[in-house]
Amino acid sequence: VNTGKGCHLDARMVADAFARLPLHQHHDGHEHAQGHQEGLLLIENVGNLVCPAAFDLGEKAKVLVFSITEGEDKPLKYPDMFQAAGLILINKCDLLPHLRFDMDKAMGFIRQVNPGAAVIQLSATTGQGFDDWMGWLEQQCTAA
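The model shown is predicted, which means the values in this text are computed figures rather than measured ones. (Residues numbered from 1 in each chain as written. Predicted model: local features only at pLDDT ≥ 70, side-chain atom pairs only at ≥ 80, totals over all residues. Heavy atoms only, no water.)

Some thoughts on the sheet that holds strand S3 (residues 63-67)
If you trace the three strands from one edge of the open sheet to the other, you get S3-S4-S5, paired in parallel fashion. The sheet is open, and its two borders are formed by S3 and strand S5 (118-121), each paired with just one other strand. Averaged over all neighbouring strand pairs, the angle between strand axes comes to 20°, with direction disregarded. Bridging between S3 and strand S4 (residues 87-91) involves five bridges; their strand directions are parallel. (Pairing = 2+ DSSP bridges. Helix = DSSP H or I, 4+ residues; strand = E, 2+ residues; numbered from the N terminus. Axes fitted to C-alpha atoms, helices over the stretch in contact; angles between N-to-C directions.)

Right under this line is the structure:
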């Protein structure tokens, strides 16, 4: 989805792009074609951690990827996005031994702005946290 000069996606942009997906066929308005299986659509929003928090894309959940390389202060610097997130993925945790990142401080800041958010620590390098992430996704997909 090309946002032009915009700093975020909006629901109309997503709906227009979704309607063009090859596996997304419609008959009679917005009813799904016979035999269509519900699935999972992941949307990576563009820009910074300010604009995406303010726009509803019609999503079931907002997930924030919080990279430890950005510093533990980000929950306080961008509270709107951290407040909007139902899940916060703390990414690149395999780098913790090599960086000055205080996980306890970061968790405290996260809880300060969003006490109820689920938090999962991830590492794509080691696979840490991916079972929890896949479990969270599965739970979201099967929830009524």
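Structure's up, so let's keep going.
Observations regarding helix H6 (residues 130-142)
The α-helix winds at 3.6 residues per turn, so residues separated by three or four positions along the chain end up facing the same way. Under the 1.5 Å per step criterion, the end-to-end length of H6 is 18 Å for 13 residues, consistent within 8% with the ideal 18 Å. Along H6, the positions that sit buried rather than exposed are Trp133, Trp136 and Leu137. One face of H6 carries all of its buried residues, which in axial projection span an arc of 95°. Opposite the buried face of H6, by more than 90 degrees, sit the exposed residues Asp131, Asp132, Glu138 and Thr142. (Expected span 1.5 Å × (residues − 1). Buried < 20%, exposed > 50% of the residue type's maximum accessible area, 1.4 Å probe, protein only. Arc of directions from axis to C-beta.)

Regarding the nonpolar core
Among the nonpolar cores identified, the biggest contains 15 residues, and Leu64, Phe66, Phe82, Ile88, Ile90, Phe101 and Ile110 are the most heavily contacted of them. Elements represented by at least two residues in this core include exactly S3, helix H4 (79-84), S4 and helix H5 (103-113). Residues Leu87, Ile120, Trp133 and Trp136 belong to the second largest nonpolar core, which totals seven residues. (Core = buried A, V, L, I, M, F, W, Y, C linked by side-chain atoms within 4.5 Å.)

Thoughts on the packing of aromatic side chains
Throughout the structure, instances matching the rule amount to three aromatic pairs. Considering the side-chain rings of Trp133 and Trp136, the 6.1 Å spacing of their centres and the 20° angle between planes classify their relative orientation as stacked. Of this pair, Trp133 and Trp136 are both found in helix H6, three residues apart, which corresponds to roughly one turn of the helix. Across the pair, Trp136 and Trp133 agree in class, each one buried. Grouped by ring-pair contacts, the aromatic residues Phe66, Phe82 and Phe101 constitute a single cluster. (Phe/Tyr/Trp six-rings, centres within 6.5 Å; stacked < 30°, edge-to-face > 60°.)

A word on the side chain of Ser123
As for its position among the elements, Ser123 is in the loop between S5 and H6. Beyond its immediate sequence surroundings of up to four residues, Ser123 is in contact with Cys93, Asp94, Gln128 and Phe130. (Contact = heavy atoms within 4.5 Å.)

Structural notes on the pairing of S5
Two elements, S4 and S5, share four bridges in a ladder whose sense is parallel. If you follow Leu87 over to S5, its bridge partner there is Ala118.

Concerning the environment of Ala117
Note on placement: Ala117 falls in the loop between H5 and S5. Here Ala117 falls in the buried class, since its relative accessible area comes to 5%. As for Ala117 and Phe82, which are separated by 35 residues in sequence, their C-alpha atoms are 8.5 Å apart. With near-sequence residues (within four places) excluded, Ala117 lies in contact with Ala85, Gly86, Ile88 and Arg111.

A few points about the environment of Lys62
In this structure, Lys62 sits in the loop between helix H2 (51-54) and S3. Judged by its relative accessible area of 16%, Lys62 is buried. For the pair Lys62 and Ile43, spaced 19 residues apart in the sequence, the C-alpha separation amounts to 9.5 Å.

What is shown is where atoms sit, not what they do.
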